[in-house]
Amino acid sequence: MPTKQILNLGRAGIIKDIPSILLPENAFTDGRNVRFNNESVETITGEAMYQVIGTPSTIEYGMHWRKPSIGYNIYFKDGYIVRVDSVGNTSSPLLNSSDLKYDNSVWHTTYFNGGYAVVFNNSKSTPLYMLHGDLVAGTEPQELPGWNYITGMEITAEVIKPLGYSLVAANLTINDNGTIVNAPSTIRISVQAATGQFPTVWQPGLTTDTADEFEINSTSPILDMGELRGNMYIYSSDSIHVLSINNGTRLQPYAKGNGILSQGCFAEFEGKHFVVDRNDIYIHSGSGGIESVANTRIKDYFFNNLNKSKSDKVIVKKNSKAGEIWVCYPKGSNSLCNEALIYNYKNNTWTIRDLPNIVSIFETYSTSNGFAYSDERLVMLNNSNYSFVVDEGYQMWDGYDFVNYESFVAREKLNSGDTLGSLFMSSITPIFDKVPLDSSINITVTSQNNYVLDPDWSNTSGRDVFEFLPNNERNQGYKVDPRTSGRLLNYKISSDDYWRLALIGIDVYPSDRR
């Protein structure tokens, strides 16, 4: 019988920042392409082809518009916007323009009035909208009505979001007959619009409704906004303000020192905002408390690996089906998102997943006789005309084809608590309760006495890696015998097959008992 059983493998996740020797036994110091769930750790699901868009040949942004009658995905590339239905049929372009104002567009979208309308904004031209049931705006995007309310003056906004029955725009640029004025801390609010309608007035003073325009007291530009509990939370790089329009316009500071890294770096979940800022990753519920969810776990790893010159490429997206929030970012010298740090907000764990150099990720739905609105999925775009659905099968895109991928967990520098004594690991018994019939899993076990050195996983001796066959009824199916000793023990479990690990048994004792 193993002298030690390590349980609750789904509770700690991957912790990269704290010294390994200080971690609890059920925490992993490294891992990739795994998911912590149901008190266990398992291979994370991969991706599969979702839709192939005929034109254009590269897509840079996507969204799903769930209209009251029917839904479809919308794909963007500069002045070309096209919709695709559930079976992959591409419509005539919603927008097909070679106008210079759409060149090099970075599109963002938002819903309004429960999905009756959508707003398309590239931050460099007058925002566009579509309205379900409208004779004109129902079939092709139109400029926001009443937006440029002074003749000869064109306004652009970095961000537009809904608040109740109004729209709120922020970080404006004003082109007054060729004279450019930047207003990075200016907010403008539209009048309200009834369900099925769209706001038509932005000019303050024309009505007694919510239309307004004002500056906030911020030392840096407004980068993003999001509704939470009926208020709008306005994020700059180093501050948060809260806006309410329920009984007149009311603006007040919420936090200083905390902010947001760039547009698109927050997600709403369970009545809270999850935010990546320039120094931390945190959550808040709008009640004043700000709580780091990355400190001492994965914060240093993230900021040390982030390509800071491409921090505007970071994407934060909720994976509702899995109870996760994905922080997709360009790692190392990459200019596109090649890695995701995934926070499971149900069990408060972090994991790491490979990404196929994505430029956009959006929530949509599986397709089976139409969009299955009970099956929400994430879809990724990688600057081609391909889109990939997440959590589908056990292969990943390598740039050319779908291939098997390695998933692993590792624990480094495991110690009994006696930093002077040496441990002898006779055997390790991993309990896999879900594996394919032909599953083959590699288990690497090493030991060391020097804490400063990193574990050596190279297997240069040929004696550190063991093939574990879970379905073999002989020894290879329930244990391996590394017979290694040292003050610190390291193990790594990896495979390119699916596996789920429920617990780990270790036969370990002081070396002098051998």
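Residues numbered from 1 in each chain as written. Predicted model: local features only at pLDDT ≥ 70, side-chain atom pairs only at ≥ 80, totals over all residues. Heavy atoms only, no water.

Draft legend 1. Broad picture of the overall build of the protein chain. Helices and strands together make up the secondary structure of the protein chain, namely 1 helix and 41 strands. Relative to the globule expectation of 24 Å for 514 residues, the C-alpha radius of gyration of the protein chain, 26 Å, shows essentially globular dimensions. Structurally, the protein chain occupies a C-alpha span of about 90 × 50 × 35 Å along its principal axes. Counting the 514 residues in the protein chain, one finds 55% classified as buried. In the protein chain, of all internal contacts separated by at least 6 residues, the share reaching a separation of at least 24 is 58%. Surface accessibility of the protein chain: about 22,000 Å² in total, with carbon and sulfur atoms responsible for 44%. Between the mean site of the 42 positive side-chain charges and the mean site of the 56 negative ones, the protein chain shows a separation of 5 Å. (Helix = DSSP H or I, 4+ residues; strand = E, 2+ residues; numbered from the N terminus. Rg over C-alpha atoms; globule rule 2.2 N^0.38 Å. Buried < 20%, exposed > 50% of the residue type's maximum accessible area, 1.4 Å probe, protein only. Contact = heavy atoms within 4.5 Å. Areas by Shrake-Rupley, 256 points an atom, 1.4 Å probe, with all protein chains shown as cover. Lys, Arg positive; Asp, Glu negative; His and termini not counted. Charge placed at Lys NZ, Arg CZ, Asp CG, Glu CD.)

Draft legend 2. Highlighting the sheet that holds strand S13 (residues 142-143). Sheet architecture is open: 4 strands sit in the order S10-S11-S12-S13, paired in antiparallel fashion. Every other strand in the sheet has two partners, leaving strand S10 (108-112) and S13 as the edge strands with one partner each. Pairing of strand S12 (residues 128-131) with S13 involves 2 bridges; the strand directions are antiparallel. From the neighbouring strand, tyrosine 129 faces S13, where its bridge partner is glutamine 142. (Pairing = 2+ DSSP bridges.)

Draft legend 3. Representation of the pairing of strand S36 (residues 423-434) in the model. With 9 of 12 residues buried, S36 lies mostly within the body of the structure. As paired strands, S36 and strand S39 (residues 484-486) are joined by 3 bridges and run antiparallel to one another. By the bridge assignment for S39, phenylalanine 424 is matched with serine 485. By the bridge criterion, 10 bridges tie S36 to strand S41 (residues 500-510) in an arrangement that is antiparallel. When the bridges of S41 are listed, phenylalanine 432 appears paired with leucine 501.

Draft legend 4. Just the sheet that holds strand S7 (residues 71-77), in detail. Sheet architecture is open: 4 strands sit in the order S6-S7-S8-S9, paired in antiparallel fashion. Each edge of the sheet is formed by a strand with only one pairing partner; in this case those strands are strand S6 (61-66) and strand S9 (95-96). Inspection of the sheet shows strand S8 (residues 80-84) paired to S9 by 2 bridges, in the antiparallel sense. Bridging across to S9, tyrosine 80 finds its partner in asparagine 96.

Draft legend 5. Focus on the environment of serine 20. Mapped onto the elements of the fold, serine 20 is located in the loop between strand S1 (4-6) and strand S2 (30-32). As for serine 20 and arginine 229, which are separated by 209 residues in sequence, their C-alpha atoms are 40 Å apart. Residues within four places of serine 20 in sequence aside, it is in contact with Thr29, Arg411, Glu412, Lys413 and Tyr451.

Draft legend 6. The arrangement of the pattern of salt bridges in detail. All chains considered together, the criterion is met by 19 salt bridges. The residue aspartate 433 makes a salt bridge to arginine 500 at a minimum N-O spacing of 2.6 Å. Pair noted here: aspartate 433 is in strand S36 and arginine 500 is in strand S41, with a separation of 67 residues, a long-range link. Salt bridges sharing common partners tie together Arg32, Lys331, Glu339 and Asp354. (Salt bridge = Lys/Arg side-chain N within 4 Å of Asp/Glu carboxyl O.)

Draft legend 7. Structural view of the pairing of strand S37 (residues 441-448). Burial of S37 is extensive: 6 of the 8 residues sit out of reach of the surface. Where S37 lies against strand S38 (residues 465-468), 4 bridges are found, and the strand directions are antiparallel. Residue pairing across strands places isoleucine 443 opposite phenylalanine 466, the latter belonging to S38. Where S37 and strand S40 (residues 488-495) come together, 7 bridges link them in antiparallel fashion. Opposite valine 445, over in S40, you have tyrosine 491 as the bridge partner.

Draft legend 8. Structural detail: the packing of aromatic side chains. The full count for this structure, using the stated rule, is 29 aromatic pairs. Look at tryptophan 65 and tyrosine 72: their rings are 6.0 Å apart centre to centre, the planes differ by 85 degrees, and that puts the pair in the edge-to-face class. Assigned by exposure class, tryptophan 65 and tyrosine 72 land together as buried. Aromatic rings pair up to connect Tyr61, Phe76, Tyr102, Trp107 and Phe120 into one cluster. In this arrangement the basic side chain of lysine 67 is found over the ring face of tryptophan 65, its NZ or CZ atom lying 5.0 Å from the centre. One residue, arginine 83, lies across the ring of tyrosine 72, its end atom 4.6 Å from the ring centre. (Phe/Tyr/Trp six-rings, centres within 6.5 Å; stacked < 30°, edge-to-face > 60°. Lys NZ or Arg CZ within 6 Å of the ring centre and 35° of its normal.)

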